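Coordinate inspection notes
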Amino acid sequence: MAEIVSLEEAIRSAVRDGDTVAMEGFTHLIPFAAGHEVIRQGRRDLTLIRMTPDLIYDQLIGAGCARKLVFSWGGNPGVGSLHRFRDAVEHGWPRPLEIEEHSHAGMANRYVAGAAGLPFAVLRGYNGTGLVSQTATIRQITCPFTGERLTAVAAVRPDVTVIHAQRADRDGNVQLWGITGVQKEAVLSAQRSVVTVEEIVATLDARPNAVVLPSWAVSYVARVPNGAHPSYALDYTVRDNDYYVAWDAIARDRETFGRWLDENVHHATAGSPA
Amino acid sequence: MTSMTGYTADEMMTVTAARALADGMTCFVGIGLPSAAANLARATHAPHLVLIYESGTIGAKPDRLPLSIGDGILAQTADAVISVPEIFNYWLQPGRIDVGFLGAAQIDKHGNINSTIVGGDYARPQVRLPGAGGAPEIAASCTEVIVIVRQTPRTFVEKVDFITSVGYGAGPGDRERLGLRGRGPQRIITDLGVLTPDPRTCEFTMTALFPGVAAETVSQRTGWDVAIAAAPQAVPPPSPAELAALRDLRAASPGV
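Residues numbered from 1 in each chain as written. Chains lettered and ligands numbered in written order. Predicted model: local features only at pLDDT ≥ 70, side-chain atom pairs only at ≥ 80, totals over all residues. Heavy atoms only, no water.

A word on the overall build of chain B. Across its full length, chain B holds eight helices and 15 strands. The C-alpha radius of gyration of chain B comes to 18 Å, within 12% of the 18 Å expected for a compact globule of 256 residues. By residue count, 59% of the 256 residues in chain B fall in the buried class. Look at the contacts in chain B between residues 6 or more apart in sequence, and 63% of them connect residues 24 or more apart. Computing the positive centroid from 20 side-chain charges and the negative centroid from 24, chain B places the two 2 Å apart. (Helix = DSSP H or I, 4+ residues; strand = E, 2+ residues; numbered from the N terminus. Rg over C-alpha atoms; globule rule 2.2 N^0.38 Å. Buried < 20%, exposed > 50% of the residue type's maximum accessible area, 1.4 Å probe, protein only. Contact = heavy atoms within 4.5 Å. Lys, Arg positive; Asp, Glu negative; His and termini not counted. Charge placed at Lys NZ, Arg CZ, Asp CG, Glu CD.)

The structure is reproduced here in structure tokens:
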């Protein structure tokens, strides 16, 4: 059964130095508040997994929390570069960042294999790309039935997966809808999980396309209204597009970023919107 | 930009890309110029164009341009909203999608695309780009690929610094050898005109030009010794209806 706790307690209980951590959410339902709590608690040497690193990982990388990034697209959607990510890869600031790079199809399949308890997944992908020679978790495989040459990708098995959802009930059953990305697979592939929610309700009524994660498949649930900001939670909040645009100038400069981090993360309280 | 012609080079490029989409096609769409072009096509000659975004929305019908690949309007107007593993495994991989639209940071004469690094080496690049996203498998598995990119000598290079998505590899026969099932890039639409692959060499040739574009400009803005068709097709300028529809979409989409 999931424990319903504060965000501070959920992150303290679930995320340790050196952990492999996946924070998922495909543009929608990105767990920003939980990411900021990881920064506030000063976690270090994390291996961060995420298909689309987005601003949340730019912030964690710039804050020095990460030693490695596993990803498939690292940009500011519709705006441009992630400058903290680039500074880490291009100049090793604030510390060198090891990368393990895939395509979206490959990453999605790695989560599927993790959720299924299998060591790898099979797809038609990567053939002829430069990624094959750079990424050790991509290998060629021969189909035992047809002889076709296919690609195997190693499962991801995070120590912790963190997601944001619209709501949970009082027993900790979690419900999310709209664009649900790879969150179900990310939670099921992990040893532990943290779900922040917009609200906790008495009962979960049916929603179109909803994904339900039963309480016994989740470790911690924390109520964090607007916990996806500047991303959004369909039917609760709207995406703060201006924040994504403004982030470009903040992240471009190390000192400006440092001031932003102090004012909006270190000196903010758990779960307050940044 | 509009003073001489009444429209911009980007508008010409977007209209040309929209014209390439036939009604009823299924189309894998990225944010930016591809999304603008696909939505323009749906608003004009192709009302039954099926827009598929990699966030898992199939048959999205936005009445403005989405601000991101996961914009709520895509989920709210879609025929189906599915997971990310499903969009790649059940819909893209088996070849159900007719057209994939891609951009590029670099593209070479064989249509190979780089969106990973520029300069230096992989471990310590001069410029780290966002990376692959959905592009490698879109380039491999869609029946055909259309690339939309502004033509500059930095972008149009003899050989890309990194192959993120395969066009025709090193030339004829490479797609078959690699087991890539789609036909590959059938056209590159730029702000100067359209390049198509030579069926014999798989090298991209400038076969259509926008109004007022000189052959010399094409050579200056291409990083390889690009062939220009002896009688390049003249692409008609945007019609008043196309321009009005595109500007309506833009006006309905502040911030895009």
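Let us now look at the sheet that holds strand β8 (residues 120-123) of chain A. All names here are of chain A. The strand order β8-β10-β9 describes an open sheet built from three strands, whose pairing is antiparallel. If you trace the sheet from one side to the other, it starts and ends with β8 and β9 (138-142), each paired once. Strand-to-strand twist across the sheet, computed as the mean angle between neighbouring axes with direction ignored, equals 35°. Strand direction decides the pairing type here: β8 and strand β10 (residues 149-154), joined by four bridges, are antiparallel. Counterpart to V122 in the pairing with β10 is A152. Along the sheet, helix α5 (residues 104-116) makes contact with β8 and β10, crossing β8 at roughly 140°. (Pairing = 2+ DSSP bridges. Axes fitted to C-alpha atoms, helices over the stretch in contact; angles between N-to-C directions.)

What follows concerns the interface of chain B and chain A. Note: interface size is frequently given as the accessible area lost on complex formation between the parts. The interface of chain B with chain A comprises 41 residues on the first partner and 45 residues on the second. Three residues stand out in chain B for area buried against chain A, namely Y122, R128 and P130 of chain B, and they jointly supply 18% of the buried area on that side. The tally of links from chain B across to chain A stands at two salt bridges. Note that E101 of chain A and R128 of chain B form a salt bridge whose closest N and O atoms lie 2.6 Å from each other. In this structure, the connection of chain B to chain A is made through 18 residue pairs in polar contact (both at pLDDT 80 or more). Among the elements of the structure, α3 (72-77), α4 (84-92), β9 (125-128) and α5 (135-141) of chain B are those that each provide at least two residues to the side of chain B that touches chain A. Grouping the amino acids of the side of chain B that touches chain A by side-chain chemistry returns 20 nonpolar, 15 polar and six charged. (Buried area = accessible area lost by both parts, 1.4 Å probe. Salt bridge = Lys/Arg side-chain N within 4 Å of Asp/Glu carboxyl O. Polar contact = N/O pair within 3.5 Å; in protein donor to acceptor, adjacent residues only side chain to side chain. Nonpolar A, V, L, I, M, F, W, Y, C, P; charged D, E, K, R; others polar.)

Approximately 430 Å³ is the volume found for the second largest pocket. Counting only elements with at least two residues in the lining of the second largest pocket, the list comes to β9 and β10 of chain A together with α5 and α6 (174-178) of chain B. Broken down by element, the lining of the second largest pocket gets its largest block of residues, four residues, from α5 of chain B. (1 Å grid on protein atoms, 1.4 Å probe; cavity = no way out; pocket = protein on both sides within 12 Å on 5 of 7 lines; lining within 4 Å. Points joined across faces, edges and corners; volume = space filled by probe spheres on them.)

So, on to the packing of helix α2 (residues 32-40) of chain A against helix α9 (residues 254-266) of chain A. All names here are of chain A. Close contact between α2 and α9 brings their axes to 10 Å; oriented N to C, the two are set at 110°. The angle between α2 and α9 places the two elements in the roughly perpendicular class. For the pair formed by α2 and α9, the contact residues are H36, I39 and R40 on the first element and W260, L261, V265 and H266 on the second. When grouped by side-chain class, the residues that make up the contact of α2 with α9 number four nonpolar, two polar and one charged. (Parallel < 35°, antiparallel > 145°, perpendicular 65-115°, else oblique.)

Turning our eyes to something else, we now look at unusual backbone geometry. Residue and element names in this part refer to chain A. Along the chain, W93 connects to P94 via a cis peptide bond; the corresponding omega equals 0°. Omega for the bond connecting H229 with P230 falls within 30 degrees of zero, at 10°, which places this linkage in the cis form. Its location among the elements puts P230 in the loop between β15 (220-223) and α8 (241-252). We note that L29 has phi near 60°; this positive angle belongs to a residue other than glycine. Here L29 lies in the loop between β2 (20-23) and α2. For D54, which is not glycine, the phi torsion reads 60° and is therefore positive. Locating D54 in the fold gives a position in helix α3 (residues 54-62).

Let us look at the side chain of D54 of chain A. Buried and unpaired, D54 of chain A has R50 of chain A as its nearest opposite-charge partner, separated by 4.4 Å. Residues contacting D54 of chain A, with those up to four places away along its chain left out, are I30, F32, G75, P77, L82 and Y244 of chain A.

Residue and element names in this part refer to chain A. The side-chain alternation of β2 yields two buried faces, one formed by T20 and A22 and the other by V21 and M23. In the sheet, β2 pairs with strand β3 (residues 46-50) via three bridges, with the strands oriented parallel. Looking at β3, one finds that V21 is bridged to L48. Read as a crossover between parallel neighbours, the route from β2 over α2 to β3 is right-handed. (Right-handed = clockwise from strand over helix to strand, strands pointing away.)

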